[in-house]
Amino acid sequence: SNPSSHSNRHLPVLLIGGGLKHLGYKSISSKNSEPMSNLLLSILNHMGVPDEQFGKSNGRFKEMLII
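All of these numbers come straight from a predicted model, not from anything done at the bench.

Participant: I keep staring at the overall build of the chain and nothing clicks. Help me out?
Facilitator: Scanning the chain from terminus to terminus reveals one helix and two strands. Each helix (α) and strand (β) of the chain, taken in turn from the N terminus, gives the series β-α-β. Among the 67 residues that make up the chain, the fraction classed as buried is 13%. For the chain, restricting intrachain contacts to residue pairs at least 6 apart in sequence, the fraction spanning at least 24 positions comes to 42%. In the form shown here, the chain has an accessible surface area of approximately 5400 Å², with 57% of it arising from carbon and sulfur atoms.

Participant: What's the story with the pattern of salt bridges in this structure? I'm lost.
Facilitator: Note that side chains of opposite charge can pair when their charged atoms are close. What the rule picks out here adds up to one salt bridge. Residues R60 and E52 are paired through a salt bridge, measuring 3.4 Å at the closest nitrogen-oxygen approach.

Participant: It is not clear to me how helix α1 (residues 36-46) should be interpreted in this structure. Could you clarify?
Facilitator: Side chains three or four residues apart in an α-helix point the same way, a direct result of the helix having 3.6 residues per turn. If you check which residues of α1 are buried, you get S37, N38, L39, L41 and S42. In the stretch just after α1, G48 is the one whose phi turns positive, near 100°.

Participant: Can you walk me through a nonpolar patch on the surface in this structure?
Facilitator: Judged by side-chain polarity, L11, V13 and L15 come together as a nonpolar surface patch covering roughly 250 Å² of accessible area. Note on placement: L15 falls in the segment before β1 (20-21). Of the residues examined, L15 reaches a relative accessible area of 38% and is grouped as partly exposed.

Participant: Any chance you could explain the environment of M36 here in plain terms?
Facilitator: Tracing the backbone shows M36 in helix α1. As a C-alpha pair, M36 and F61 span 25 residues in sequence and 8.5 Å in three-dimensional space.

Participant: Would you mind showing me how to read the environment of L44 here?
Facilitator: Note that L44 resides in helix α1. Residues L44 and F54, ten residues apart in the sequence, show an inter-C-alpha distance of 8.9 Å.

Participant: Just checking my understanding: could you explain the confidence of the model for the chain for this structure?
Facilitator: Regions with low pLDDT should not have their predicted coordinates read in detail. Here the chain averages 76 in pLDDT, and 64% of its residues register 70 or above. Ranking the helices and strands of the chain by mean pLDDT puts α1 first, with 87, and strand β2 (residues 65-66) last, with 61.

About the thresholds
Every chain is numbered independently, its residues counted from 1 as its sequence is written. Local features in this predicted model are restricted to residues of pLDDT 70 or higher, and side-chain atom pairs are both shown and tallied only at a pLDDT of 80 or more, whereas totals for entire chains, interfaces and linings draw on every residue. Heavy atoms throughout the structure, all of them, feed into the side-chain values; hydrogens and water do not. Labels follow the DSSP assignment, with helices taken as runs of H or I lasting at least four residues and strands as runs of E lasting at least two, numbered in each case from the N terminus. Each residue is placed in one exposure class: buried if its accessible area under a 1.4 Å probe, protein chains only, is under 20% of its type's maximum, exposed if it is over 50%, and partly exposed if it falls in between. Any two residues whose heavy atoms approach within 4.5 Å are treated as being in contact. For accessible areas, the Shrake-Rupley method is used with a probe of radius 1.4 Å. Any residue's cover is judged against the shown protein chains and nothing else. By convention in these notes, a salt bridge is any Lys or Arg side-chain nitrogen within 4 Å of a carboxyl oxygen on Asp or Glu. Within the patch definition used here, like charges are joined within 9 Å and nonpolar side chains (Val, Leu, Ile, Met, Phe, Trp, Tyr) within 5 Å, considering only residues with over 30% relative accessible area and no salt bridge. One number per residue, pLDDT, summarises how confident the predictor is, and it ranges from 0 to 100.

Take a look at the structure:
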């Protein structure tokens, strides 16, 4: 990706620990995938912030399991 383009596509995110079950690699950069804001909303909810929406989220990130 081009760091000079100021694009939010192909943005690497690594989640480690915090009581989350690792489900492997998940690409959220394609047009048919969930928005990144779904992942951020799920992280906020996991940390105790009871928001229902974050940015352009349309739900919670389905690929993240809390153990």
